[in-house]
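The chain contents come next:
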Amino acid sequence: MSRYNFQESEAKWQRRWRERRLFEVAAEPGRPKYYVLEMYPYPSGKLHVGHVRNYTMGDLVARYRRAQGYNVLHPMGWDAFGLPAENAAIAEGVHPAIWTPENIRTMRAQLERMGFGYDWSREIATCHPEFYRHQQKMFLDFLAAGLAYRKESWVNWDPVENTVLANEQVIDGRGWRSGAIVEKRLLAQWSLRITAFTEELLAAIGGLDRWPERVRLMQQNWIGRSEGARVFFPIAGAEERVEVFTTRQDTLFGASFLALSPNHPLALRLAEKNPGLAAFIAECNRMGTSEAVIETAEKRGHATGLEAVHPFDEKRRVPVWVANFVLMEYGTGAIFGCPAHDQRDLEFARKYRLPVIPVVLPPGADPASFVIGDEAYVDDGAVFNSAFLDGLPVPEAKRVAAERLEALGHGERAIAYRLRDWGVSRQRYWGCPIPIIHCGTCGIVPVPEKDLPVTLPEDVSFEVPGNPLDHHPTWKDVPCPNCGRPARRETDTLDTFFDSSWYFLRFCSARAPVAFERPAVDYWMPVDQYIGGIEHAVLHLLYSRFFTRALKRCGYLDLDEPFAGLFTQGMVCHQTYQSEAGKWLFPEEVETDAEGRFVDAAGRPVIAGRHEAMSKSKKNVVSLDAIADTYGADTARLYLLSDSPPERDLEWTETGIEGIWRYINRLWRMVSEPTIALPPPGSAVPADLTPAVGGVRRTTHKTIAAVTDDLDKFRFNRAVARIRELTNALEELPAVEPGAPEVLREGLETLAVLIGPMMPHLAEEVWHELGGSGLLAEQPWPVFDPDLTRDEQVTLAVQVNGKLRATLEVPRDTAAGAVENAALALPQIARWLDGHRPRKVIVVPNRIVNIVA
């Protein structure tokens, strides 16, 4: 039996596609377009099979839409700035400008080897000055429009990476890359005013109907809209007040303390004369900054000695504390503590022996005996112990309390958001320089547009900790563009999420002298199908949505949402292995001994761990090159599409990939060594077919309909299963019956086109072997005959008094009377009727028979 020669086939067809420049496209106004994009990769080194699942899905969608007649844009580029390159420079002594392009060459060769149909003429890399010069201009336009600004603020500082992190880059109190505990520092930072679009960003989520529901929910929660009140607590004996935002103004009579963030201006001012408080604040700034860390950490505080005046009772005083669980960047940096109805406040009050005053009574509870134990009461009820609010349900009490605060001048109704402006300054070298000059006379001066791009110096040293741009002897020293006096360049670089917030727009006209040409963006945008990991649900997607709106405000385009459709693929998983010493092992380092135990090459025991997402750190990766060498690109592609629903994790196994390889060879032999002599291409299928041959033809047309529907709905694994079912049906086609050769040719040609988006090299080879004209990649998507997708026989459910008692198979569209007679004649139904005539028989054509006994 012949084997499919994937080495020869894949190289041949990739060469043909390149020679034809098959996937290079241009805007064609009037022709329907389809923009497919996978989230572009960071060029960190060689790809493994876990990396390419989303690229395989994207290529399937692009080839499928192309076959349907769309003008398809499917580009690829590189998220090429960032800390890993700089860290590699430090660890290996290789300059990022050398390390990054080398990785790009390696990874591009791997993507090309997989046969992905990218328009490589549009390739971009964010570290190229011809890319980042445009985003430097964008930054200056944002500055002019009031969307970029610089101010001193408390920031998240990664002590390992020696740089600032955005709130979203702090995961469980640790840096998202380094894993180091994040600290708080006060620095002058550049920020983008994402909060200028808060309501827009929130309201538009409802219209993202082709996004996963969980991603929309994550965005909604991150923006975090809350309705409540601003409450003013005057400081007793002083001419100042503390502002608090709360959603529970109904519980103000339960307030037993006021808590300030360690970095609240009042706390910092008090610390100047209070060494104990200063030490407490310093300690707080060394703890994690995430909500998860703060919620689980021990609640600690420092008494200031100050008292606040209660907004509803001037005679009542509330002690003021500084507490480690209050964040400056959320709300106003101050809260009032109501221990009876907030668990965090209760823990704090118990620790420091502060009063616990219940003011919300559970339904049916006795106000005289109701007390708070170890758990705060956080559900609804009636308000009590609260003067004019007594007896009101919580929603009504909120309204009345807000009105009284406004009447007294002690507060006002307000809406607050969790979202904060996006800090984009990073104290590292390998990033886009911020085009600003600091002049002692003129202040902050934008770099003139004619002087863009501001490029990075190549002669930098990574031996001194911190930002190499700060240590460079000459780069930062420049004359002021306004007055000519000695001035200093901005040495911070832009967060790499700035780069990825507009790269999809650059693809529309990647070689234009401007960031993007307006006609090209008007034609190609929005991205019709964006594909990437769920880990970017907040960071990248929210920033890109903001960025598009900011560019619209600055006159670049007329678009709000960049991504019409979003799909988040599952991870590729593999079992993990460790030596007895705890060292992670690659799968290829593990063997099975005669007794079926896992051992290493020396026969030492190996511990098999959990099946987890492939990661280089745990070495549970499968080399993409090794799979392509052994089985070919198409085998890997089909396995990544077939084993599980695309939104779920996929388990990579050797038996699974071998099964796909066997199927590919079986399909190839059906074409190269057909059991039925095939008629010439274009031969018509006879009108009269035997039931067996006609049934196979029906299967072909049903498969076209089903696979089309599955691909439209991202049910890739189901589409693969249907294609394999058609393969089985064609193998079982009766060879000697009339019409069998024509039906087999029609079925095999259909198979070739259906597998084209999944296994493009094999599809081209099959098409060529069948005598098809031109390239398979240029063939239209097959059209099914609706009459052939209708079953001649239908199975009806037969119910007695609403319960299923039997099934009945009849020709489609059988008359109701005939169906009734056939149903009543069934032995199972006769037993249930026990000789009695039914009171009524209801026949729903082609679906159900309901007998009322």
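Reading the values: the criteria
Residues numbered from 1 in each chain as written. Predicted model: local features only at pLDDT ≥ 70, side-chain atom pairs only at ≥ 80, totals over all residues. Heavy atoms only, no water. 1 Å grid on protein atoms, 1.4 Å probe; cavity = no way out; pocket = protein on both sides within 12 Å on 5 of 7 lines; lining within 4 Å. Points joined across faces, edges and corners; volume = space filled by probe spheres on them. Helix = DSSP H or I, 4+ residues; strand = E, 2+ residues; numbered from the N terminus. Nonpolar A, V, L, I, M, F, W, Y, C, P; charged D, E, K, R; others polar. Polar contact = N/O pair within 3.5 Å; in protein donor to acceptor, adjacent residues only side chain to side chain. Contact = heavy atoms within 4.5 Å. Buried < 20%, exposed > 50% of the residue type's maximum accessible area, 1.4 Å probe, protein only. Pairing = 2+ DSSP bridges. Phe/Tyr/Trp six-rings, centres within 6.5 Å; stacked < 30°, edge-to-face > 60°. Lys NZ or Arg CZ within 6 Å of the ring centre and 35° of its normal. Expected span 1.5 Å × (residues − 1). Axes fitted to C-alpha atoms, helices over the stretch in contact; angles between N-to-C directions. Parallel < 35°, antiparallel > 145°, perpendicular 65-115°, else oblique. Left-handed = near helix turned anticlockwise from the far one by under 90°.

Trainee: Break down the layout of surface pockets for me, citing the residues and quoting the values.
Mentor: Each pocket or cavity is described by its volume, and for the second largest pocket that value is around 950 Å³. What lines the second largest pocket is a set of 30 residues, among which F245, T247, Y330, I335 and R344 lie closest to the centre. Only β11 (241-246), α10 (291-296), β15 (334-337), α11 (343-352) and β18 (411-417) provide two or more residues apiece to the lining of the second largest pocket. Among the residues forming the lining of the second largest pocket, the class breakdown is 13 nonpolar, nine polar and eight charged.

Trainee: So what's going on with the side chain of E561? Which residues, and what values?
Mentor: Among the structural elements, E561 can be located in the loop between α17 (539-553) and β27 (566-568). There is a polar contact of 2.9 Å between the side chain of E561 and the side chain of R545. At a separation of 2.7 Å, a polar atom in the side chain of E561 contacts the side chain of R549. Once residues within four sequence positions are removed from consideration, E561 is found in contact with A204, L208, P526, R545 and R549.

Trainee: Any details on the pairing of strand β28 (residues 572-579)? Residues and values, ideally.
Mentor: For β28, the tally of buried residues reaches seven of eight residues, placing the bulk of the element in the interior. Sheet analysis places β28 next to strand β33 (residues 650-651), joined by two bridges and oriented parallel. Considered in β33, the bridge of C573 is made with E651. Both β28 and strand β32 (residues 606-613) contribute to a ladder of six bridges, which runs antiparallel. Bridging across to β32, Q578 finds its partner in I607. Both β28 and strand β29 (residues 584-585) contribute to a ladder of two bridges, which runs antiparallel. Its bridge partner lying in β29, Q578 is registered against W584.

Trainee: Just give me the short version of the packing of aromatic side chains, but keep the residues and values in it.
Mentor: A complete count under the given rule lists 47 aromatic pairs for this structure. Their ring planes at 45° and their centres at 6.5 Å tell us that F139 and F498 sit as a pair that is tilted. Taken as a pair, F139 in helix α5 (residues 129-144) and F498 in helix α14 (residues 496-500) lie far apart in primary sequence, 359 residues in all. For the pair F139 and F498, one class covers both residues: buried. Measuring from centroid to centroid gives 6.3 Å for W422 and F546, while their planes differ by 80°, and the two rings are edge-to-face. A residue pair is termed long-range when its members are at least 10 positions apart, and W422 in strand β19 (residues 422-423) and F546 in helix α17 qualify at 124 residues. Accessibility assignment for this pair places W422 and F546 in one class, buried. Grouping aromatic residues by their ring pairs yields a cluster made of F139, F142, W190, F197, W422, F497, F498, Y543, F546 and F547. One residue, R489, lies across the ring of W475, its end atom 5.2 Å from the ring centre. Above the ring of Y663, the side-chain terminus of R724 is found at 4.5 Å from the ring centroid.

Trainee: Help me get a handle on helix α12 (residues 394-408), residues and values and all.
Mentor: With 15 residues, α12 should reach 21 Å at 1.5 Å per residue; the first-to-last C-alpha distance of 21 Å fits that figure. Listed in full, the buried residues belonging to α12 are V394, A397, V400, A401, A402 and L405. Along its buried surface, α12 packs onto β10 (225-234), β16 (360-361), β17 (382-383) and β18. Two residues or fewer after α12 comes G409, characterised by a positive phi angle close to 75°.

Trainee: Would you mind going over the environment of Q135 in detail, with residue names and values included?
Mentor: The residue Q135 is located in helix α5 in this model. For the pair Q135 and W502, spaced 367 residues apart in the sequence, the C-alpha separation amounts to 8.5 Å. Ignoring anything within four residues of it in the chain, the contact list for Q135 reads C432, L494, F498, D499 and W502. Looking at Q135, its side chain comes within polar contact range of the side chain of D499, at 2.6 Å.

Trainee: Outline the packing of helix α22 (residues 716-731) against helix α23 (residues 740-755), listing residues and values.
Mentor: The interhelical angle for the contact between α22 and α23, taken along N-to-C directions, is 160°, at an axis separation of 11 Å. Comparing their axes, α23 and α22 come out roughly antiparallel. Regarding α22 and α23, the two cross each other, and that crossing is left-handed. Contact residues: α22 offers I723, L726, T727 and L730, while α23 offers V743, L744, G747, L748, L751, L754 and I755. Among the residues forming the contact of α22 with α23, the class breakdown is nine nonpolar, two polar and no charged.

Trainee: Provide a residue-level description of unusual backbone geometry, including the pertinent values.
Mentor: With omega at 5°, the peptide bond leading from L452 into P453 counts as cis. Take P453: it is sitting in the loop between β22 (443-446) and α13 (468-471). Here the amide bond leading from M525 into P526 is cis, since omega sits at 0°, within 30 degrees of zero. As for its placement among the helices and strands, P526 is situated in the loop between α16 (518-524) and β26 (529-532). Even without being glycine, A387 reaches a positive phi, approximately 50°. Positionally, A387 belongs in the loop between β17 and α12. Backbone geometry at D813 places phi at a positive 65°, although glycine is not the residue there. Considering the arrangement of structural elements, one finds D813 in the loop between β35 (803-811) and α26 (816-824).

Trainee: Tell me what's going on with the sheet that holds strand β23 (residues 477-479), and back it up with residues and numbers.
Mentor: With antiparallel pairing, the four strands of this open sheet are ordered in space as β22-β21-β24-β23. On the outer flanks of this sheet lie β22 and β23, each paired with one strand and no other. With strand direction ignored, the average angle separating the axes of adjacent strands in the sheet is 40°. Across two bridges, strand β21 (residues 436-439) lies against strand β24 (residues 486-489) in antiparallel orientation. From the neighbouring strand, I437 faces β24, where its bridge partner is R489.

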